[in-house]
Structures are given as C-alpha cells and as structure tokens.
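Listed below, chain by chain, are the residues.
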Amino acid sequence: MAGRDGGRAAPLSAAPSAAAGGGSGRAGRRCRAALAPCPGRGSRAPSARPKFEATRARAGARGALRGAGEQRQGWRRGEGRAAAANLKLLTWAGCLYCLIWSAFAQQGGSDCIKANAKSCGECIQAGPNCGWCKKTDFLQEGEPTSARCDDLAALKSKGCPTEDIENPRGSKQVLEDREVTNRKIGAAEKLKPEAITQIQPQKLVLKLRVGEPQTFSLKFKRAEDYPIDLYYLMDLSYSMKDDLENVKSLGTALMFEMEKITSDFRIGFGSFVEKTVMPYISTTPAKLRNPCTGDQNCTSPFSYKNVLSLTSEGNKFNELVGKQHISGNLDSPEGGFDAIMQVAVCGEQIGWRNVTRLLVFSTDAGFHFAGDGKLGGIVLPNDGKCHLENNMYTMSHYYDYPSIAHLVQKLSENNIQTIFAVTEEFQAVYKELKNLIPKSAVGTLSSNSSNVIQLIIDAYNSLSSEVILENSKLPKGVTISYKSYCKNGVNDTQEDGRKCSNISIGDEVKFEISVTANECPKKGQNETIKIKPLGFTEEVEINLQFVCECQCQSEGEANSPACHEGNGTFECGACRCNEGRIGRLCECSTDEVNSEDMDAYCRRENSTEICSNNGECICGQCVCKKRENTNEVYSGKYCECDNFNCDRSNGLICGGNGICKCRVCECFPNFTGSACDCSLDTLPCMASNGQICNGRGTCECGTCNCTDPKFQGPTCEMCQTCLGVCAEHKDCVQCRAFNKGEKKETCSQECMYFNMTRVESRDKLPQPGQPDPLSHCKEKDVDDCWFYFTYSVNSNGEANVHVVETPECPSGPDIIPIVAGVVAGIVLIGLALLLIWKLLMIIHDRREFAKFEKEKMNAKWDTGENPIYKSAVTTVVNPKYEGK
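About the thresholds
- Every chain's residues receive numbers from 1 upward, in the order its sequence appears when written.
- Only residues with pLDDT of 70 or above have their local features reported here, since the model is predicted, and side-chain atom pairs are shown and tallied only from 80 upward, although totals for entire chains, interfaces and linings are computed over all residues.
- Derived side-chain values reflect all non-hydrogen atoms in the structure, with water molecules and hydrogen atoms excluded from consideration.
- Strands are runs of DSSP state E lasting at least 2 residues, helices are runs of H or I lasting at least 4, and numbering of each runs from the N terminus.
- The protein chains shown are the only cover counted for residues, whose accessible areas, like all others here, come from Shrake-Rupley with a 1.4 Å probe.
- By convention, a stacked pair of Phe, Tyr or Trp rings (six-membered ring in the case of Trp) has centres within 6.5 Å and planes under 30 degrees apart, an edge-to-face pair has planes over 60 apart, and any other such pair is tilted.
- In this scheme, a residue with accessible area under 20% of its type's maximum is buried, one over 50% is exposed, and one in between is partly exposed, where area comes from a 1.4 Å probe on protein chains only.
- Each ring is checked for a lysine NZ or an arginine CZ that lies within 6 Å of its centre and within 35 degrees of its normal; such an atom marks a charge sitting over the ring.
- Put simply, buried Ala, Val, Leu, Ile, Met, Phe, Trp, Tyr and Cys residues joined by side-chain atoms within 4.5 Å make one nonpolar core.
- Only heavy atoms matter for contacts: two residues are in contact if any of them lie within 4.5 Å across the pair.
- Here the expected length of a helix is defined as 1.5 Å per residue gap, with one fewer gap than residues.
- We call two strands paired when DSSP finds no fewer than two bridges between them.
- What pLDDT expresses is the predictor's confidence in each residue, scored from 0 to 100.
- This arc describes the spread of directions from the helix axis toward the C-beta atoms.

A. Just the overall build of the chain, in detail. Within the chain, the regular secondary structure consists of 18 helices and 42 strands. For the chain, the accessible area works out to roughly 46,000 Å², and carbon and sulfur atoms hold 50% of it.

See below:
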C-alpha cells in the first residue's frame, strides 16, 4: 500500500471539485419656418423664404388669359403647383425633424432636471451632459435653485451665457510612456530584465467625470530573447520512480533546447509527496524512515522540498536531482497544492526574477484541496504565506490544503504560468483545473517522462501565443471595458476584448481601454488601478482622479452678505445655506418654514390657494413643483403660469409656431391667432400667374378664399365652366387664316385683336421655353380638317398667333381596292363554307359505315335447321321394360 507500485485511480471527487472551485420645455425649441434651418434649443431662427419667380402675363383683349382651365400656361401652372406642394412637404418634414431632434436633445436635460441638484457638484454628477449656470440673475421668479442644472443647450436657450456655464470635463495624461523594446535573439546588447519594455504606456492619470468614459490605447509586444525562469516541481511518490531517472538529465537537455528561445534561461527543481500525518502516510517509526515495502530504499515522506533554487547551471540541476530518492504515501491524491502555494509565495527562496515565470507540475495522480485536511485533523485554512525552513515546508501538519481560488490568486499575483505535465489517465481532471487557472496549460506525460522536454517547449509556445489583460480590483462605481486589435484584423469587445491569440514573438497588438465612473467616491479620494498581461510582471499604473466638484465652488464666499446676512456660502451663482437655514437666499430658518404668516405671502389676492396649488411655500416664496414631463414648467410669483396650457393646433402647443408663456401663445413672425395656427405667409396662395389667389379671392391664414363663385382650388385657378385658350380663339384664327368658319362674315370686326403669322409646318411653330406664356392648339375646322396654331401674349400685352398655313385634311377613300377586297372576301368565305360542309359529310359517312360493320359482326345465322320445323315422329318408352 505504501509503495503504490500499481496503477492509481483518481478520486471521484477530484475532477468535479477542481472544476467547481433635458430640457426646459419651451416651445421655442421647435422649428417654425419652412425650409429654415433647425434653430438651437429655444432659439429662433430667422425666417428663410425661397425666392419664387412667376411670369406675370398681362391680359390681352377680350380677357384672353383668364380661366383655371386656360391651356396657355398649363405647364407653368403645373410647375407652380408642384413647387407649392414641395414647399409644404419640406415645411412639415423640417418641423418633424426639429421636433425629433429636440426630443432626443432634451433627454439629457430631463436627467439633469430630475437630479434636483442643489449645488454645482451635484449637478455635474447627474450626467456628462449636465451643466450649471452660475449667472446670478438666471432664475425666473418661482424657479427653484435646481433649475440652474440642465443640459448645455437648454441653459443657453434660457439665456445663460457660455462663460457662465460650469461644465468641467474629464481628461487623460500620460506620465510614463517608454517605447516597447525591439531586440533580436543573439544581439550583442544584453539588457537587464527590468530594462526590457513590452507594454506601453506604463503610467497615466485619468480624470473621470460621472458618465463620461476616458479611453486610452495600450500597446503590447512580445520581446524577443526575453529571459525565462522555469521551476520543475515533481511528484516523488513511488509510482514516479521511472520518471525520476529521466528527469535527472533534464537540466542540460532543457538548457540546450531553451537556448533556441532565449539566451537568459534559469532552471530550478522541487519535489513533493504528501502531508506527514495520518491518514495520508503511515506514521509508524519504520514507515517514517522508509515508507516503501520490501528491499526498496525510499526517503522519508515529506510535504514539499525546494531542492534547487533557480540557476543557470544545468549541470548543477542534473547533480542535485540525481541525488533525489523516491518516497511513498498511503492515499492516491497527492499534496501538490501545498507545494504549488509555497513555490508561488516563496519568491526569495525560489529565486524568481521579474521575467517570464514557468512552473512545471509533474505528477501521475490527482490532488488534495481545501477541506481534505480535516481527514487528518487539520482545520486551519491555508494562510498563503511562505513557510520554508531549510528549504522544507514545515507547516503542512498545521494548515489545510489551499483552495483552487486561493492558488489562482497567488499564481496571478506572482505572474506564474503553470504547465501541468500529467499522465493520460488524469488528463481530464487537469484540463478542468486548467480552465480555472488563467495562463496555464496541460501536457500529456509519457509513462516514464521521456517526452517532458518537448512537452515543456510546446506548452511554453502555447502560453506565449496568447496575451490576456487583467485589472486589479476596481473602486466602487468604476467600470472598465476592453477592445482588442489583434493580428490579421481580428477585433473583439467585452470579455473577448481582453485577449489576443496566435501571437508570435515580436508581434505587436493593441487594446483600447475605456474607464468610466458611474458615481463619485464618498470621500472623493484618488484611486489607483493596475492593468497587466497575465503571466507578465509589467503593468500599467492608472491613477484615477474624480471630477466631483466645480471650479466655482472653490471660489465660494463663506458667510456671504448675499445669503441673507451671511447665513450661507455664495458659490456658483447661488447660496448654499448653513445648517438650519433654507430658502433661495437662506432667508428663513427651518423653524419658520410652516408658519401661517409665511403662507400669506404665497397666496394671490382674493385667493385661498397657496402657490395656485402648483407649488410649495418656502420662506414666504413659492417654489413651483415639477411635473413628470420635465419639459412642462410652472412659473410665476404664485406659480400661476405654465408653458403647456395654451391653445393647440394639429396636436401641438401653439401649433408649433410660437412659445407658450403664462398660458398665452406668443407667435413667431408670420403667424397669428390664439394657437398661432394662422400663417401670414402668402406664398401658398400665389397662383401660377403671380397673382395672389389668381386675383379672384383673398388669402386668409395661408389659404385662398375664392370670391368668384366660378373659381375654386388652392389658388382659385380651377374653373369647370370656362373655355380654354384654344377653343376661345379657334373661330377667329380660322376666319383670318383660311377665310372660313362661323365668324367669316364678322372677322374684320371681332378678330383683329391679335397679330397673326403664317408658318409652313408644325415644326416652325414657337416652342415652349420662351419668356412669353405660350399655348399650342389643335382644332378642327368646318371641313373636318385639322389646323394648328399657337397663342401667346408678350410683356406689352400684345397677342400673337402663329398658324400653319396648310390644314391637314383627311384624303378620300380608294374605291377599287375596297371593291376588290370585298369580292375576294366573299369568294374566300364561300370556299371556306364548302370545305367545311364537305368535311362534315365525310365525317358523317364514315360514322354510318362503321356502324354498319359493327352490326354485321354481331349477327348470328343457323343454317342446319329450320327454326319453325317440328318432327312428326314421337318416341314412347315403356316404363316396365327391363331390357330382357
């Protein structure tokens, strides 16, 4: 039992146990004018009206250019209507955009107002967009001191100058920024480990304002020829006897292989067995001297022994390890965790340097962990301190095994990367343990440890190909986020943003790190956090300074006369009252707050309501209450005013075209009415001829009221009963150009009001695009011929007609082709009918013949006997005849 030379089974509990371890609300923020740029919050943008040019045609003789159905300006009228429609669309779209923009912009202001900040410091802690107006006369009557706190745009819209707005911002300052080291293996220059830089920057200061992240870039580069310290920790229980023989020559062989990676390599050796108490070992004197059975010569059991501190002499490693002997114990799990803890915390005895630290843990068994010590009567938890005397762990009988979490903490604190070299039987157990220990690897150890050198090389390459950032414990209310920029354009965020994989020595990766304070520390003291790559000693030191007060607070005047005879400190434009004093100017003591005499100052004349039931009377002054919608505000000496009970139009206060002040709309320019819903802009009433409402109506609130009952439409241009230009001048053009038509006899009296010009063809007629209004006409004369002309009126009021001199008359029919076609059609139709008749007869005959053939086949004839013949012979048989 003590020798345990047979195969050992892992305890059932080992694997699972290892794995278990804005805004002010003022209507002035709305967009008020079509096509105007969105005004700032609360500002009024100057109205911007697009230039509108329309050709103004003068009416010719006989009312030539009248009527909504007039064709002479059809294309211009359509263009004008399209322009008006587009203008209205742009107006509504612009206002909708401004309202949405204003709503988003006011969200920050809502948070600032809801904070109900009584001082500048409280205000800037409410959010990164909150500012404090320190202008002395900023507040309106009835507004509380907290109204000084709002988002920046809202403060400006309320009239607070930029120079009077306190808005301190966070910042970052790099204090130490050494470049990462670039050196090659075998270089003549030999640098000390502390002179090699793999992480940049090294030290910086972040000034944090609540809610405002500060971001900086961190660069990491694996330096070539970086020193390595490797400590080989081996299980010396009896089953590792053959492994010890191979490890005895490990020093020089591993030195030779590691020279390919680094020119500065040191190696050390330690061994472990088990706690020296029952039931882990046999405590009989004989077994304490030699725990092995038979003639095996074993050394006394021990918990952990530091055989060789880290050294660069490989031969010394071989020499000391060659003197080691196997020991033994009773149970299967080993006390390796005790040994790992001592290797991690006994830095001076082991000889760790501030370089890459590797711990190779070699065993063929499971492990004990916290709680297992109770079996031996050990109840004190492991203290995580060094207890080596003469290179031996002396407190194994006093302290319990460390927990996995405790080991993780100490390995991380001391930047030790662990390589578990275990046999195939325990691979699953140690792989679960690897998942709990950052920067660790597991390798499969052969039965006699013959592959240990290659295992170490492979595990080191695996560990060095990944960099994982970790940070120290963050102060309360501080959060940190990472974004990685790794090789081959691989980027990650959140938890994966902490690491980069597949990194070769000499590769450079970057991380973007954001630090955010979500609250100020109670005492306001500075804090320090550190960020480092796991397994490395280098780190970034970050000093956090919190912006929790405004600069103007340090300039405050204590016991200021401005605060009612020195009852407060005047700072940042407001009074911060001494204890026991309240009021905007600290004019009251807390004993006077509920006095009925004070309430009398908060009632309007002939009213019993205190502050109009919209506020609270404090020190004889009304402090108006806040509504759930922070854009809605009560104001006034008695809180009798508000900005949300004005008349509405289209669902908007003051129609979106004015500001609601004390329940009355103050309209923007070009708007009027109780709800500012009446536009004084005449542009929507402009007809295509440049006249307002086509001269046939009045423009009221941007809409035409047509006075001529025959005309209607948005601009009084539609007339269903009016003749068009072409129909109106058709008869006069016909009589003058072709001397025919209804007005042939009176042409000289009625049709001389226009100038006429004959052209050869339709192509020679004037085309659209000339300055004068132009109508193209196509009319039919008394002979059913089509004639073409244009009608236009120039700037002098003269009507001009251009007419094609030759009408287009339809030609007479050609008789011969028509007759021939009719005859040919009749003949063809006759032939077609004959063919159809003949085809039907053939089909009928074939059906009849087929019927005949079928009946012929079904007929049956008997040629042997006449069916009506009856024989004359009758045969009678005697029934008594027996045939004798």
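B. Highlighting the packing of aromatic side chains. Per the counting criterion, the structure on display carries 17 aromatic pairs. Summarising the aromatic geometry, the rings of Tyr753 and Phe754 are spaced 5.0 Å apart at their centres and angled 80° between planes, so their arrangement reads as edge-to-face. The buried category is assigned to Tyr753, whose relative accessible area is 17%. Of the aromatic side chains, those joined through ring pairs into one cluster are Phe272, Phe337, Phe361, Phe367, Phe369, Phe420 and Tyr430. When the ring centre of Tyr788 is taken as reference, the NZ or CZ atom of Arg762 above it lies at 4.1 Å. Above the face of the Trp786 ring, Lys778 is positioned so that its terminal group lies 4.7 Å from the ring centre.

C. Structural context of the environment of Gln525. Its location among the elements puts Gln525 in the loop between strand 20 (508–517) and strand 21 (527–533). Distance from Gln525 to Leu544, taken between C-alpha atoms, is 9.0 Å for residues 19 residues apart in sequence.

D. The nonpolar core, seen in detail. Grouped together as the largest cluster of nonpolar side chains are 39 residues, with contacts concentrated most on Leu230, Tyr232, Met234, Leu254, Phe265 and Phe269. The leading source of residues in this core is helix 13 (residues 452–464), at 7 residues. Apart from the residues within four sequence positions on either side, Met234 is in contact with Met240, Asp243, Leu244, Val247, Phe269, Gly270, Ser271, Phe272 and Ser362. In terms of nonpolar packing, the next biggest core, distinct from the first, is built from 33 residues, Tyr231, Ala339, Phe361 and Val429 among them.

E. How the structure looks around helix 13. Over its 13 residues, helix 13 runs 18 Å from end to end, which matches the ideal 18 Å to within 8%, given 1.5 Å per residue. Residues Val452, Leu455, Ile456, Ile457, Ala459, Tyr460, Leu463 and Ser464 constitute the buried set of helix 13. Its buried side turned inward, helix 13 meets strand 8 (228–235), helix 6 (250–258), strand 11 (356–363), strand 14 (416–422) and strand 15 (440–444).

F. Examining the sheet that holds strand 22 (residues 540–547) more closely. The 6 strands lie next to each other as 4-6-22-21-16-19, forming an open sheet whose pairing is mixed. Each edge of the sheet is formed by a strand with only one pairing partner; in this case those strands are strand 4 (171–176) and strand 19 (499–500). In terms of strand pairing, strand 4 meets strand 6 (residues 203–209) through 5 bridges, oriented antiparallel. Paired with Glu176 across the two strands is Lys203, which belongs to strand 6.

G. Just the pairing of strand 24 (residues 574–577), in detail. Pairing of strand 23 (residues 568–571) with strand 24, which is carried by 4 bridges, proceeds in the antiparallel orientation. The partner of Phe570 across the bridge, within strand 24, is Cys575. Here strand 23 hands over to strand 24 after 2 residues, with Cys572 in that stretch at a positive phi of 55°.

H. Examining the confidence of the model for the chain more closely. Taken over all residues, the pLDDT of the chain has a mean of 79, while the share at 70 or more is 83%. Long-range and interchain partners of residues 1–85, a stretch whose pLDDT sits below 50, account for 235 contacts in this model, where long-range means more than four residues apart. With pLDDT under 50 throughout, residues 94–109 is counted as low confidence; its partners more than four residues away or in other chains account for 29 contacts.

I. Seen up close, helix 8 (residues 314–322). Of the positions making up helix 8, those classed as buried are Gly314, Phe317, Asn318 and Val321. All buried residues of helix 8 fall inside an arc of 95° around its axis, so they share one side. The elements touched by buried residues of helix 8 are helix 5 (241–247), helix 6, strand 9 (265–272) and strand 10 (304–311).

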